[in-house]
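Analysis of the macromolecular model
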Amino acid sequence: MFDIGFLELLLLGVVGLLVLGPERLPKAARTLGLWIGKIKRTVSGMQREISAQLEAEELRQKLDEQQKKLDDSVSRVKHGVEGLAKSEDRTHDAVKPPQQAPASSPEQRLDDALARAREGAADADAAPQPSPVDKDAPQR
């Protein structure tokens, strides 16, 4: 950090010994060491905090990008489904059989049903009846 060599430290020690004296020099060196330790811990804590904030910001940006992609995908799927629903509605409207007018009363509906049944029975009577014994069928 400061690029201090052995000779510089020795020179600082001699100057400190002359200025402070032999009684106060060990106490001053200990206090200086404690202050340097506190400064180093504070700086490293700040570096960790800054790096954590940068990581959090990067994660927020990635999360926002993923959210935008997801929103775009959801909107595309939604539009696709709506388009399919509209095309199905158009197809059902085009294929939808015409609605029959409801009969006016229950008796009228019953009469219509009986008439259809009679027509079906008359058609069945007019159809050729199969013979009881088929010529090609094997005899038992």
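Up top is the structure.
A brief structural summary. (Residues numbered from 1 in each chain as written. Predicted model: local features only at pLDDT ≥ 70, side-chain atom pairs only at ≥ 80, totals over all residues. Heavy atoms only, no water.)

1. What to know about the overall build of the protein chain
This is how it is decided: Helix and strand labels come from DSSP, where a helix needs a run of H or I of at least four residues and a strand needs a run of E of at least two; each type is numbered from the N terminus. Partly exposed describes any residue whose relative accessible area lies between the buried limit of under 20% and the exposed limit of over 50%, with all areas from a 1.4 Å probe on protein chains only and scaled to the type maximum. Each accessible area value is a Shrake-Rupley result obtained with a 1.4 Å probe; residue values ignore everything except the protein chains displayed when judging cover.
In terms of regular secondary structure, the protein chain is built from three helices and zero strands. Listing every helix and strand of the protein chain by position from the N terminus yields α-α-α. Burial statistics for the protein chain: of 140 residues in total, 2% are counted as buried. Per element, the accessible surface of the protein chain, about 13700 Å² overall, is 61% carbon and sulfur.

2. A look at a nonpolar patch on the surface
Heads up, the condition is: For patch building, the residue pool is restricted to those with more than 30% relative accessible area and no salt bridge; the joining distance is 9 Å between like charges and 5 Å between nonpolar side chains (Val, Leu, Ile, Met, Phe, Trp, Tyr). The working definition used for a salt bridge is a side-chain nitrogen of Lys or Arg within 4 Å of a carboxyl oxygen of Asp or Glu.
Together, Phe-6, Leu-7, Leu-10, Leu-11, Val-14, Val-15, Leu-18 and Val-19 give the surface a local cluster of nonpolar side chains, amounting to about 890 Å² of exposed area. With respect to the helices and strands, the residue Val-14 is situated in helix α1 (residues 6-20). The exposure class of Val-14 is partly exposed, given its relative accessible area of 42%.

3. Concerning the pattern of salt bridges
Two side chains carrying opposite charge are able to pair once their charged atoms lie near each other. Under the defined criterion, the tally for this structure stands at one salt bridge. Among the salt bridges present, the one from Glu-57 reaches Arg-60, with a minimum N-O distance of 3.0 Å. Remark: Arg-60 and Glu-57 occur in helix α2 (residues 25-95); sequence separation between them is three residues, near one turn of the helix.

4. Structural notes on α1
For the α-helix, the turn length of 3.6 residues means that residues three or four positions removed from each other point alike. The condition that has to hold: Expected span of a helix: the number of residues minus one, times 1.5 Å.
For α1, with 15 residues, the first-to-last C-alpha span of 21 Å sits near the 21 Å given by 1.5 Å per residue. Gly-21 sits one or two positions beyond α1 and adopts a positive phi of about 90 degrees.

5. Section: the environment of Leu-17
The cut-off we apply is this: Contacts were defined at the residue level, with two residues in contact if any of their heavy atoms lie within 4.5 Å.
Among the secondary structure elements, Leu-17 is positioned in helix α1. Taking relative accessible area as the criterion, Leu-17 reaches 41% and is therefore assigned partly exposed. Setting aside residues no more than four positions away along its own chain, Leu-17 makes contact with Pro-22 and Leu-25.

6. What about the packing of aromatic side chains?
Going by this rule: Only Phe, Tyr and Trp rings are paired, with Trp represented by its six-membered ring, and only when their centres lie within 6.5 Å; those with planes under 30 degrees apart are stacked, over 60 edge-to-face, the remainder tilted. Two conditions define a charge located above a ring, namely a distance within 6 Å from the ring centre to NZ of Lys or CZ of Arg, and an angle within 35 degrees of the ring normal.
According to the stated counting rule, one finds zero aromatic pairs in the structure shown. Across the ring face of Trp-35, the terminal group of Lys-38 is positioned such that the distance to the ring centre comes to 5.4 Å.

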